[in-house]
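A structural walkthrough
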Amino acid sequence: METRSSEDGSSFDVLREAARHTYGADAAGYREGRPDYPPRLYEVLRSRCGLGAGSRVLEIGPGPGLVTEHLVAAGARVVAVEPDCGFAEYLGRTMPEVQVVEASFEEADVGTGFDAVVAATSFHWLDPSTALRKLGGVLRPGGWGAIWWTVFSDPYREDPLLAEASAALGFEPGNQRGGTAFQLDVAARCEDLRRGAGLTDVTADLIPWELPMSAVEVRALFSSMIAIRQLSDDERTRALDTVGNLVNDRFGGVATRRHLTALYTGRRAG
């Protein structure tokens with residue numbers, strides 16, 4: 001699930017709590033299934049947001065550490081706030097140089113004065129008013145906030161694999177094309193950073209990119225989605241077999257997936 005709906009707040013709260021215990025149950029599998037973000041995103045973090053040696057960075061919802069690895073490799077000192085105990089344990093074991101805080105961001109005691117706060121495909125799980133206000137508050141003057149999402153099926157470009165898989169299964173296994181209004185609402189997300197977090201110099205970058213994926217890679221990606229993880233064992237196996245077989249039978253063993261990453265950045269004045 002990579003979306004947020006405000007139509008039924010109680011239903012979303014239930015889903016959020018379920019998600020905080022669903023993904024981390026197989027942290028290594030999730031890490032294997034999720035592709036990295038495009039190089040352009042990391043370039044923006046370095047050139048615009050000042051990511052580099054000695055940067056003090058707070059990461060919200062690091063999961064198994066996909067982005068965390070890049071932050072550490074850039075020389076940053078990272079505090080990672082992760083509410084899922086499975087992810088927190090995995091991250092603490094595989095990246096001991098990172099300070100892991102097992103708590104929700106809204107409730108975590110992390111201090112202030114960060115050079116950057118980043119949230120990779122996680123901010124939609126937070127209470128927006130509380131989290132935005134806290135994001136702005138923990139930054140030092142001049143520090144940068146960056147939140148982003150990857151849509152694993154670009155809604156502005158054709159996705160033949162997802163179309164065939166959805167037709168065969170009777171539901172959309174990636175849970176993406178029909179649920180991206182939150183991530184891709186540029187005006188609203190920029191306003192979140194301006195008004196909610198009190199940031200300035202707010203910018204949106206929509207980064208289209210493509211990734212050739214084998215049947216094994218496609219299966220791993222879809223198996224990391226909550227729409228698949230919440231199925232019964234038999235239903236999950238059927239769904240993953242369906243998408244894997246489609247890649248081999250209809251796409252010659254490699255399906256080029258069209259993705260879109262939406263990145264929003266802003267700076268605390270001063």
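Let me sum up the structure you'll find in this document.

The rules behind each value
Residues numbered from 1 in each chain as written. Predicted model: local features only at pLDDT ≥ 70, side-chain atom pairs only at ≥ 80, totals over all residues. Heavy atoms only, no water. Pairing = 2+ DSSP bridges. Helix = DSSP H or I, 4+ residues; strand = E, 2+ residues; numbered from the N terminus. Phe/Tyr/Trp six-rings, centres within 6.5 Å; stacked < 30°, edge-to-face > 60°. Buried < 20%, exposed > 50% of the residue type's maximum accessible area, 1.4 Å probe, protein only. Salt bridge = Lys/Arg side-chain N within 4 Å of Asp/Glu carboxyl O. Core = buried A, V, L, I, M, F, W, Y, C linked by side-chain atoms within 4.5 Å. Contact = heavy atoms within 4.5 Å.

As paired elements, strand E5 (residues 139-151) and strand E7 (residues 254-268) share eight bridges and run antiparallel to each other. For threonine 150, the partnering residue across the bridge sits in E7 and is threonine 261.

Turning to the packing of aromatic side chains, a few remarks are in order. Counted by the stated rule, this structure contains three aromatic pairs. Both rings, one in tyrosine 37 and one in tryptophan 148, keep their centres 5.9 Å apart while their planes meet at 85°; by these two values the pair is edge-to-face. With a gap of 111 residues between them, tyrosine 37 in the loop between helix H2 (27-33) and helix H3 (39-47) and tryptophan 148 in strand E5 connect regions that are remote in the sequence. For the pair shown, tyrosine 37 and tryptophan 148 are each scored as buried. With a centroid separation of 6.1 Å and an interplanar angle of 70°, the aromatic rings of tryptophan 149 and tyrosine 264 are classed as edge-to-face. Here tyrosine 264 lies in strand E7 and tryptophan 149 lies in strand E5, a separation of 115 residues in the sequence.

This next bit is on the pattern of salt bridges. Here the structure, examined in full by the defined rule, presents 15 salt bridges. Taking the shortest distance from any N to any O, the salt bridge between glutamate 210 and arginine 157 comes out at 3.2 Å. Of the two residues, glutamate 210 sits in strand E6 (residues 199-214) while arginine 157 sits in the loop between E5 and helix H7 (160-169), which places them 53 residues apart along the sequence. Since its relative accessible area comes to 45%, glutamate 210 is described here as partly exposed. Residue arginine 157 is classed as partly exposed on the basis of its relative accessible area, which comes to 23%. In this structure, arginine 195 and glutamate 191 form a salt bridge, with 2.8 Å as the shortest nitrogen-oxygen distance. Linking arginine 195 with glutamate 191, this pair stays in helix H9 (residues 186-196), spanning four residues, or about one helical turn. Relative accessible area serves as the criterion here: at 68%, arginine 195 is assigned to the exposed category.

As a rule of thumb, soluble globular proteins bury nonpolar side chains together. If you look at the biggest cluster of nonpolar residues, it comprises 31 residues, and the most contacted ones within it are Leu58, Val110, Val117, Phe123, Leu135 and Ile147. Discounting chain neighbours no more than four positions away, the residues touching isoleucine 147 are Ala119, Phe123, Leu135, Leu193, Ala262, Leu263 and Tyr264. Cys49, Leu66, Met95 and Leu263 belong to the second-largest nonpolar core, a separate cluster that totals 25 residues.

This brings us to helix H4 (residues 66-73). Considered for burial, the residues of H4 that qualify are Leu66, Val67, Thr68 and Leu71. Directly after H4, the chain includes glycine 75, whose backbone phi takes a positive value near 95°.

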